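Here is what each chain is made of, one letter per residue.
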Amino acid sequence: MQLPRTGEMSSSMAVLGLVVQQPDTIAGVALRLSETFPRARWSPGAAHSNMPNLAKQGLLRVVQEGREPTLDRYEATPKGVAQFRRWVGRSSSLPPALRDGLQARLEFAELEELSALVETVREAERDCRSEYAAAHGRWKAYTNLGPPSGPAGPERLFKSKLKGIQLMDEVMLWGAQAKRLGHLSRQLEGLLEKANSSFVEQEPNGG
Amino acid sequence: MDEVLLLSEVSKAYWRGDRPLEVLSNVSLHVPAGAIVAVVGERHEGKTTLLKIAAGIETPDHGRVLFCERDLWTLTVPERERLWGDEIAWTSRARPGLDWKMRDYVGLRLAMGRSRGRRGARAKALAALRRVGAEECGERFWPELSDWQRMLVGLACGIVSCPRLLVIDDLFDGLGLSKMQAAGELLGSLTRELDCGVLMSASGMEAALMADVVWLFGDGRLRLMSDQTSSGGEIVEFPTVVRGSRGTGT
């Protein structure tokens with residue numbers, strides 16, 4: 001498997017990680033993929049395509065055949081575990097990729113497209129606010145639950161704390177994105193207003 | 001949840017020379033009892049004006065401010081002042097104007113209002129300092145305190161009169177994430193204990209983590225980011241871990 005060239009996590013790495021975490025079937029991993037990374041938006045068939053592929057590369061192996069291929073149970077091979085752990089522990093020396101569609105639109109937009117661009121940014125901001133609300137809800141639910149009940153070994157406590165940090169980070173990410181888009185939307189609205197008023201000023205002479 | 005505060009279509013402008021500068025434009029929000037409502041926005045955009053109007057310190061140009069269903073601006077001045085002394089509390093990062101020991105600074109508002117007397121006010125101030133875990137600050141002066149202790153003293157000032165509405169202006173900014181979490185836990189427990197509503201402002205999104213309702217403020221307008229008061233939040237699964245060796249919790 002090729003290691004990703006950006007800071008993003010590939011679907012194959014996520015699938016490998018889930019099988020390292022716990023041996024599972026393709027159907028099981030597909031379900032866990034959507035539960036664990038609900039906002040990653042990988043294709044619904046990511047587990048179906050990646051798991052046989054990872055097995056071909058010797059990173060996974062089938063340990064029990066099911067009634068159909070999606071019910072074959074896979075586990076990670078030592079090579080797969082080593083590759084995944086290397087990825088988790090790797091220092092992030094890769095530059096973060098900026099492939100934001102809005103950035104590109106700002107580069108390419110023409111004056112007559114400004115109004116549509118404002119609407120696109122507003123829509124993106126609304127989406128971010130809605131993602132923020134969902135992430136904030138998960139964070140509040142986590143904080144309301146308190147520490148894990150019952151006997152909690154250090155590993156369980158560690159996992160629980162790590163989950164809290166991940167949830168908090170998600171809230172912060174969506175919050176920062178919504179804040180950025182709100183700022184961008186206000187700037188573009190100002191520009192649009194200026195552009196419209198300069199048209200109005202020019203019309204009597206130009207028209 | 002009972003409504004402690006309702007702001008309805010509030011507007012406010014300041015005059016800059018011969019031009020009005022609108023800082024609040026038809027702003028509406030509500031604060032239920034037992035909830036923390038955060039308004040997040042850049043500095044100098046008008047958050048403090050919004051909070052002052054909510055606390056009855058500043059008049060709106062338009063709109064209504066209802067505190068426990070009473071319109072603040074139809075009350076007489078003494079009635080409003082009484083509310084402000086007892087039921088509505090304001091606290092911020094501002095340092096005390098005079099050199100006070102913190103036990104006197106925290107109890108200042110109580111000592112000034114409703115003839116409680118200095119001794120009674122001091123006892124309540126010490127109780128408030130104890131409640132927030134800053135008992136050792138009672139005998140100290142402001143310059144001797146760390147940022148964290150100043151924040152605790154600010155909270156003690158806020159809760160000393162057991163208010164129904166606590167308005168907190170930029171008290172948590174600059175604390176850093178881990179201290180912010182600790183401050184959030186403390187504020188959450190105080191809010192539940194007093195069953196008061198909290199309206200707070202912050203310039204960073206970190207402070208919003210402690211809130212139940214989050215508004216983004218910019219250009220004089222509010223945008224709702226999240227309201228976890230009615231839904232009670234989404235159920236979140238603790239991480240599923242390797243079978244047999246680690247349990248799962250929900």
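Residues numbered from 1 in each chain as written. Chains lettered and ligands numbered in written order. Predicted model: local features only at pLDDT ≥ 70, side-chain atom pairs only at ≥ 80, totals over all residues.

**Concerning the domain arrangement of chain A**
Alright, step 1. The domain boundaries assigned to chain A delineate domain 1 (11–89) and domain 2 (101–206).
Alright, step 2. Look at where the C-alpha atoms of domain 1 of chain A and domain 2 of chain A centre, and you get two points 31 Å apart. (Domains from an automatic or database assignment.)

**Structural notes on the domain arrangement of chain B**
Residue and element names in this part refer to chain B.
Alright, step 1. Annotation of chain B at the domain level lists domain 1 (1–87 + 178–250) and domain 2 (94–162).
Alright, step 2. Across the contact, 8 residues belong to domain 1 and 10 residues belong to domain 2.
Alright, step 3. If you list the elements that add at least two residues to the side of domain 1 that touches domain 2, you get α2 (77–86) and α7 (177–194).
Alright, step 4. With 6 residues, α7 is the largest single contributor of residues to the side of domain 1 that touches domain 2. (Contact = placed C-beta atoms within 7 Å. Helix = DSSP H or I, 4+ residues; strand = E, 2+ residues; numbered from the N terminus.)

**Quick look at the sheet that holds strand β3 (residues 73–76) of chain A**
All names here are of chain A.
Alright, step 1. Judged by pairing direction, the sheet is antiparallel, and its 3 strands sit side by side in the order β1-β3-β2 without closing on themselves. Two strands close off the open sheet at either side, each with one partner strand: β1 (24–25) and β2 (60–64).
Alright, step 2. Pairing geometry for β2 and β3, over 4 bridges, is antiparallel. Residue pairing in the sheet places arginine 61 in a bridge with glutamate 75 of β3.
Alright, step 3. The strands that helix α1 (residues 11–21) touches are β1, β2 and β3; relative to β3, the one it contacts most, it runs at about 90 degrees. (Pairing = 2+ DSSP bridges. Axes fitted to C-alpha atoms, helices over the stretch in contact; angles between N-to-C directions.)

**Some details on α7(B)**
All names here are of chain B.
Alright, step 1. With 18 residues, α7 ought to run about 26 Å at 1.5 Å a step, and its terminal C-alpha atoms sit 25 Å apart, in line with that.
Alright, step 2. Within α7, burial applies to Met180, Ala183, Gly184, Leu187, Leu190 and Thr191. The buried residues of α7 occupy one face: seen down the axis, they fall within an arc of 135 degrees. Turned more than 90 degrees away from the buried face of α7 sit Ser178, Glu185, Ser189, Arg192 and Glu193, all of them exposed.
Alright, step 3. Each element contacted by the buried residues of α7 is listed here: β3 (36–41), α6 (147–159) and β8 (197–202).
Alright, step 4. Following α7 by one or two positions, aspartate 195 has its phi on the positive side, about 50 degrees. (Expected span 1.5 Å × (residues − 1). Buried ≥ 20, exposed ≤ 12 C-beta atoms within 10 Å, placed from the backbone. Arc of directions from axis to C-beta.)

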